[in-house]
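Commentary on secondary and tertiary structure
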Number of protein chains: 2
Amino acid sequence: MRFTSETTTSTGVSEGRFVLDGIPGVLWSPADAFGPRPLILLGHGGGQHKCAPGLLARAHRYVTEFGFAAAAIDAPGHGDRPRTAQDERFAVQLRNGMAAGEPVGELIAQDNAVRAAQAVPEWQATLNALQSLDRIGADGPVGYWGVSLGSMIGMPLVAAEPRITAAVLGLVGYDILTDAASRLTVPVQFLLQWDDEIVPRAAGLALFDAIASPEKTLHANSGRHVDLPRFEMGSAERFFARHLVDNAVTTGAR
Amino acid sequence: MRFTSETTTSTGVSEGRFVLDGIPGVLWSPADAFGPRPLILLGHGGGQHKCAPGLLARAHRYVTEFGFAAAAIDAPGHGDRPRTAQDERFAVQLRNGMAAGEPVGELIAQDNAVRAAQAVPEWQATLNALQSLDRIGADGPVGYWGVSLGSMIGMPLVAAEPRITAAVLGLVGYDILTDAASRLTVPVQFLLQWDDEIVPRAAGLALFDAIASPEKTLHANSGRHVDLPRFEMGSAERFFARHLVDNAVTTGAR
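Quick caveat: nothing in here was measured; it's all calculated off a predicted structure.

**Points about the packing of helix α3 (residues 105-131) of chain A against helix α4 (residues 149-160) of chain A**
Residues and elements named next belong to chain A. Orientation of α3 relative to α4, taken along the N-to-C sense of each, is 45°, at an axis distance of 8 Å. In this view, α3 runs oblique relative to α4, as classed from their interaxial angle. You can see that α3 and α4 cross each other, and the crossing is right-handed. Mapping the contact onto sequence places Ala 109, Asn 112, Ala 113, Arg 115, Ala 116, Ala 119, Val 120, Trp 123 and Gln 124 in α3 and Leu 149, Met 152, Ile 153, Pro 156, Leu 157 and Ala 160 in α4. Taken together, the residues of the contact of α3 with α4 sort by class into 12 nonpolar, 2 polar and 1 charged.

Structure (C-alpha cells):
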C-alpha cells in the first residue's frame, strides 16, 4: 500500500489517496488519529467510483461524528481503473436496455457477479493493508456499507470475511446472491426501494429472507432505485455506532 | 378534561392523570412547560394499558430528550376501563386459541375493529381537550405512535384526523385496515416483525403497500410479534423529530 497524497480538510478529515497492487483507493480518518478505531469499508454503486458524493458524505461524517476511519476503492472497471472491451459492451447494452424500457436486472447481475469475483479478494488485500496502519490497527471492529454494485460485491465479501462484523447492504435481489446471504452471520441492515425499477420487489424481499444473520433489519422506502432517502444515511451511522462501538447501548423497551 | 393528579419525576417529567368523558388518560410534559410544543399520542397494544412500560419509556424520552408532550388513554376494555361480557369471551377465546397453536389473527382483527370504532372518536375528543392546554396549544404538530392494537386504532385515526402529521404504525396486516391505509397521506414509519406468529408476513407487506402516503418506510426486523427491537424506539424518535420539529433536516446524499 503506497500513499500518493494526503490532504486535510478544515473539518479535520485527513484524506489519503493510496494504490495497492494497482488498485486506487482512499482512506479517510481524523487528522490527528493515532491508535485503533472502527473502520468502515465503503462500496460504491455501478458507474460510480471511490469518491462519489454519497460515499464522500458518509466517510466525512464517520470521521467527524464518530472518529471512525473509512476507506473506499474503485471497483473493477470503475473510477481510475481501466475499462475492458467487455466493460464497454456492458455499458452500451445497459444504456440501450434502459432506453428501451427493458428489464436490466439480469444483465446487471451477470456483469456485477464477474466484478464481485475479482473485487472480493481486492477488498481483503486492502483490509490487510489498512489494518497494518497505526491509526486503524489489526483488532479494531470493521463495518461494510454498500448498495447495488456495492452489495453485489459486499454480500460475498462480508460472508467470506470474519473481520467484518456489521454490514449495511441492499438494492439487490439476484438469485446469485442467495448463497452468500445464507452464509451471513453478522447484523445486517438491508435497504430496499419499494418501487425499484431494476430490482423486482419480490426478489429483494426474498434475498432479505435468505440472510441467515440472527439480527437483520429491512428498511424499505418509497421510491425508485436511486431514490434512497437521505435519512438512511443517519440510520446507517447509528447502526454502525451500535454494533462497532457499544453493543450494549439500548435505551428502552417496547 | 379533569386532571386528578400530577406528579413530577426527578428528571423533570410532569405526569398528569386525567379523565375525559369517563376515559382515563395521562399526559406527560416538561415540568416547566409553557407554550405550544409537539405532542405524541401513544396507543398501547392489546392487553396493555396507558402506562405500559413501553409507552412510559417512550413518553419520558419524548419529554426529556425533545421537550415534547405525550399522551395516552386506555383503549376500550383495557387498563382502568370496565370489561364487558364480550371482552371476557374474547380473552378466553384468545387464550384458548393461542394455547392450541391456532391462528388468532382474524379473531384479534375482529375484536380490535370493534374497539377501534369506539376509540377513534375518543382519541379525537382527547386531542381537542389536550390542544386547549397552554402547554400544548391548538396549532402544534401532532404525531401518533402505536403498534398492534395501537395501529388497529391508530391507522383509521390518522386517516381521519388531519391534525396528526406523522405516524409510527405496525404489527398489523388485516384486510379491514386496507381502506384506512389507502387514505393515509402523512409520513409513516411501519414496523413489521419478519417472524410474526400473529400477523402473516404477506399480509403485513400488503398493508404497507396499501399505504398511500408519498413518504413511507417499512422497518422489518427478525423475530416474533412481541420481539420489536429496542433500537426501533430511537428510530421512531428521530422520525418524529424529523417531521414534527424540522422537516428540512437532511444531512447528506446517497
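What follows continues from the structure just given.
**Re the relation of the copies chain A and chain B**
For the pair chain A and chain B, the superposition axis carries a translation of 0.0 Å, the fit reaches an RMSD of 0.0 Å, and the rotation angle comes to 180°. Both copies are brought into coincidence by an operation consistent with a two-fold rotation axis. In terms of C-alpha distance to the rotation axis, chain A has His219(A) as its closest residue, with the C-alpha 2.4 Å off the axis. Counting the interface residues of chain A, we find that 100% of their copies in chain B are interface residues as well, pointing to one common contact surface.

**Observations regarding the pairing of strand β6 (residues 142-146) of chain B**
Residues and elements named next belong to chain B. A large share of β6 lies buried, amounting to 5 of its 5 residues. The side-chain alternation of β6 yields two buried faces, one formed by Val 142, Tyr 144 and Gly 146 and the other by Gly 143 and Trp 145. Here β6 runs beside strand β7 (residues 164-170); their pairing, made up of 4 bridges, is parallel. The partner of Tyr 144 across the bridge, within β7, is Ala 167. In this view, the connection linking β6 to its parallel neighbour β7 by way of helix α4 (residues 149-160) has right-handed handedness.

**Details of the packing of aromatic side chains**
Using the criterion set out here, one finds 14 aromatic pairs over all chains in the structure. Ring centres of Phe190(B) and Phe208(B) lie 6.1 Å apart, and the angle between their planes is 40°; on these two criteria the pair is classed as tilted. Taken as a pair, Phe190(B) in strand β8 (residues 188-193) and Phe208(B) in helix α6 (residues 201-210) lie far apart in primary sequence, 18 residues in all. Per residue, the accessibility class of Phe190(B) equals that of Phe208(B), and both read buried. Judged by centre distance (5.6 Å) and plane angle (65°), the ring pair of Phe239(B) and Phe240(B) falls under edge-to-face. The burial state of Phe239(B) is the same as that of Phe240(B); both residues are buried. Taken together, the ring pairs connect Tyr62(A), Phe239(A) and Phe240(A) into an aromatic cluster. Seen from the ring of Phe208(A), Lys216(A) lies directly overhead, with NZ or CZ sitting 4.8 Å from the centre. One cation-aromatic arrangement involves Arg242(B) over Phe231(A); the distance from NZ or CZ to the ring centre is 3.7 Å.

**Some remarks on the interface of chain A and chain B**
The interface is formed by 37 residues belonging to chain A together with 37 residues belonging to chain B. Buried surface at the junction of chain A and chain B, both sides included, amounts to about 3200 Å², of which 52% is carbon and sulfur. At the boundary of chain A and chain B, one finds 2 salt bridges. Linking chain A to chain B there are 13 residue pairs in polar contact (both at pLDDT 80 or more). For the side of chain A that touches chain B, the secondary structure elements donating two or more residues are α1 (53-66), α6 (201-210), β9 (216-221) and α7 (231-245) of chain A. A total of 6 residues in the side of chain A that touches chain B trace back to one element, the largest contributor, which is β9(A). Partitioning the side of chain A that touches chain B into residue classes produces 15 nonpolar, 11 polar and 11 charged. Here β9(A) pairs with strand β9 (residues 216-221) of chain B via 5 bridges, running antiparallel. Considered in β9(B), the bridge of His219(A) is made with His219(B).

Reading the values: rules and limits
Residues numbered from 1 in each chain as written. Chains lettered and ligands numbered in written order. Predicted model: local features only at pLDDT ≥ 70, side-chain atom pairs only at ≥ 80, totals over all residues. Heavy atoms only, no water. Axes fitted to C-alpha atoms, helices over the stretch in contact; angles between N-to-C directions. Helix = DSSP H or I, 4+ residues; strand = E, 2+ residues; numbered from the N terminus. Parallel < 35°, antiparallel > 145°, perpendicular 65-115°, else oblique. Left-handed = near helix turned anticlockwise from the far one by under 90°. Contact = heavy atoms within 4.5 Å. Nonpolar A, V, L, I, M, F, W, Y, C, P; charged D, E, K, R; others polar. Least-squares fit on C-alpha atoms with pLDDT ≥ 70 in both. Buried < 20%, exposed > 50% of the residue type's maximum accessible area, 1.4 Å probe, protein only. Pairing = 2+ DSSP bridges. Right-handed = clockwise from strand over helix to strand, strands pointing away. Phe/Tyr/Trp six-rings, centres within 6.5 Å; stacked < 30°, edge-to-face > 60°. Lys NZ or Arg CZ within 6 Å of the ring centre and 35° of its normal. Buried area = accessible area lost by both parts, 1.4 Å probe. Salt bridge = Lys/Arg side-chain N within 4 Å of Asp/Glu carboxyl O. Polar contact = N/O pair within 3.5 Å; in protein donor to acceptor, adjacent residues only side chain to side chain.

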